[in-house]
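# Examining the three-dimensional arrangement
The residues making up each chain are set out below.
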Protein chains: 2
Amino acid sequence: MYGVGIGPGDPELVTLKALRILRSVPVLAWPAPEEGPSLAREIVAEHLPGTQREIPIRMPLLPARFPADDVYDKAAIEIGAALDAGEDVAVICEGDPFFYGSFMYLYGRLAEDYTVEVIPGVSSLTACAAALGSPLSAKNDVLTVIPGPLDADTMKQRLIDADAVAIIKVGGHFDKIRTLIDDLGLTANARYIERATMGEQRIMAIGDVGEDNAPYFSMILVHKRDEVWK
Amino acid sequence: MYGVGIGPGDPELVTLKALRILRSVPVLAWPAPEEGPSLAREIVAEHLPGTQREIPIRMPLLPARFPADDVYDKAAIEIGAALDAGEDVAVICEGDPFFYGSFMYLYGRLAEDYTVEVIPGVSSLTACAAALGSPLSAKNDVLTVIPGPLDADTMKQRLIDADAVAIIKVGGHFDKIRTLIDDLGLTANARYIERATMGEQRIMAIGDVGEDNAPYFSMILVHKRDEVWK
């Protein structure tokens, strides 16, 4: 079984190894919302042979049940049954499987009983820095990655302590984050990007992002130091 | 001009986009030590058409002159001359160009005068986590990336504050880092890996790494929390 990182959105940012595995396995599993298409599947759709059995892993939008144990339990049983029948399975994962990815919940359920190989992918972290033309971190900078849902007090302290920061999964937490950045006098150091490497990629000053308007796939980079690479 | 991330070492972890660019540009530039082969060039060697002009960027081992401004000045002039002559140039970069990569020093010298596209790559950060079978970070964990050369007092405080830590560029700083991890009672939480995804990849308990024996391409991951994905 494989957990395959497929990169941040641009189908060309899939690795050769991911491609080989996606094309060779008889069963493909992919995450999706409760209804509608799977972004992960769309990223790799052009590369698929069209002959595979597919296992959708559909996640209801119920923040109170995080992680949604029964969805992962059910998916692990279905994947395990395929593996027991001798059919290898690739689970595709946006970005990288082990960088804040939900794949780890399947990994936790399956890795003790089956051989699971994780194929690293291009993460949104470096894809956003590339799209912004802004090196993430240099020399002895400490890089801090902060999930957007983190509580405001903890996030504030992390921002105070940091050299370079990537705030990921900004989404509905944008207003809280913008206020913290403003209060700390870091607005001029912050860069906002959404849907990096996808067709709808947008880059904006954080002052120009509308309230409640940031999608899940958005990130804010904050650099405190000068551009040391110049 | 392109800065092309070629991944952590396995030639199969190159992206389709990197491959297309590497095969299409007339000029390829690559970093190398003062003498001997370029690891970056070796990673992509099998993919090259064999018809390109190549620009070696050879860096003397002189820690006192970091960054080695004159090497980057000279390389920027040579790359700029190729671009002025209408020859597009790809600079290949191990891992990702903007994740602690020396490419940023060329970027700083060239991006104001030329169009520079950065192609993100699979970083050693996620490649090490995949090889270790150890998710980097989950849920609302803050992930802290610490360069090995950081002074011991600052590193200690970062380790105390952190949820999940990746210490990169361990190399000659291994003994300092192991002592800090031991002092903080984190030895059982630490995992060591060197040359991830390369033929010589090794994974060890940090107690088993010989003194002064860690190569530059080595990393230590420290997780403080339980395995929340289980």
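Everything below is about the structure shown above.
Because the structure is a prediction, the values reported are computed rather than measured.

Time to look at the sheet that holds strand E3 (residues 53-59) of chain B. Residues and elements named next belong to chain B. With parallel pairing, five strands are arranged side by side in an open sheet as E3-E2-E4-E1-E5. Sheet topology places E3 and strand E5 (117-119) at the edges, where each strand pairs with a single neighbour. Here the strands of the sheet are splayed against their neighbours by 25° on average, with no regard to which way each runs. Against the sheet, helix H1 (residues 16-24) touches strand E1 (2-5), strand E2 (27-33), strand E4 (89-93) and E5, its axis set at about 135° to E1. On top of the sheet, helix H3 (residues 69-84) reaches E2, E3 and E4; it is set at about 170° to E3, its chief contact.

Once chain B has been moved 0.0 Å along the axis and rotated by 180°, it coincides with chain A to within an RMSD of 0.0 Å. These values place the two chain copies in the arrangement generated by a two-fold rotation axis.

Turning our attention to unusual backbone geometry. All names here are of chain A. Even without glycine at this site, Arg195 takes up a positive phi of about 50°. Looking at the element boundaries, Arg195 is found in the loop between strand E8 (190-194) and strand E9 (202-204). Owing to a relative accessible area of 30%, Arg195 belongs among the partly exposed residues under this scheme.

A side chain with one charge can pair with a side chain of the opposite charge if their charged atoms come near. A full pass over the atoms with the stated rule returns 22 salt bridges over all chains. B:Glu117 is the salt-bridge partner of B:Lys17, the closest N and O atoms lying 2.9 Å from each other. One end of the pair, B:Lys17, is in helix H1; the other, B:Glu117, is in strand E5, with 100 residues separating them in the sequence. Since its relative accessible area comes to 14%, B:Lys17 is described here as buried. The salt bridge partner of B:Glu87 is B:Arg53, with a shortest N-O separation of 3.2 Å. Here B:Glu87 is found in the loop between H3 and E4, whereas its partner B:Arg53 is found in strand E3, with 34 residues between them in sequence. Taking relative accessible area as the criterion, B:Glu87 reaches 28% and is therefore assigned partly exposed. Judged by its relative accessible area of 36%, B:Arg53 falls in the partly exposed class. Overlapping salt bridges, with partners in common, bring together A:Asp10, B:Lys17 and B:Glu117 in one network.

The rules behind the values
Residues numbered from 1 in each chain as written. Chains lettered and ligands numbered in written order. Predicted model: local features only at pLDDT ≥ 70, side-chain atom pairs only at ≥ 80, totals over all residues. Heavy atoms only, no water. Pairing = 2+ DSSP bridges. Helix = DSSP H or I, 4+ residues; strand = E, 2+ residues; numbered from the N terminus. Axes fitted to C-alpha atoms, helices over the stretch in contact; angles between N-to-C directions. Contact = heavy atoms within 4.5 Å. Least-squares fit on C-alpha atoms with pLDDT ≥ 70 in both. Buried < 20%, exposed > 50% of the residue type's maximum accessible area, 1.4 Å probe, protein only. Salt bridge = Lys/Arg side-chain N within 4 Å of Asp/Glu carboxyl O.

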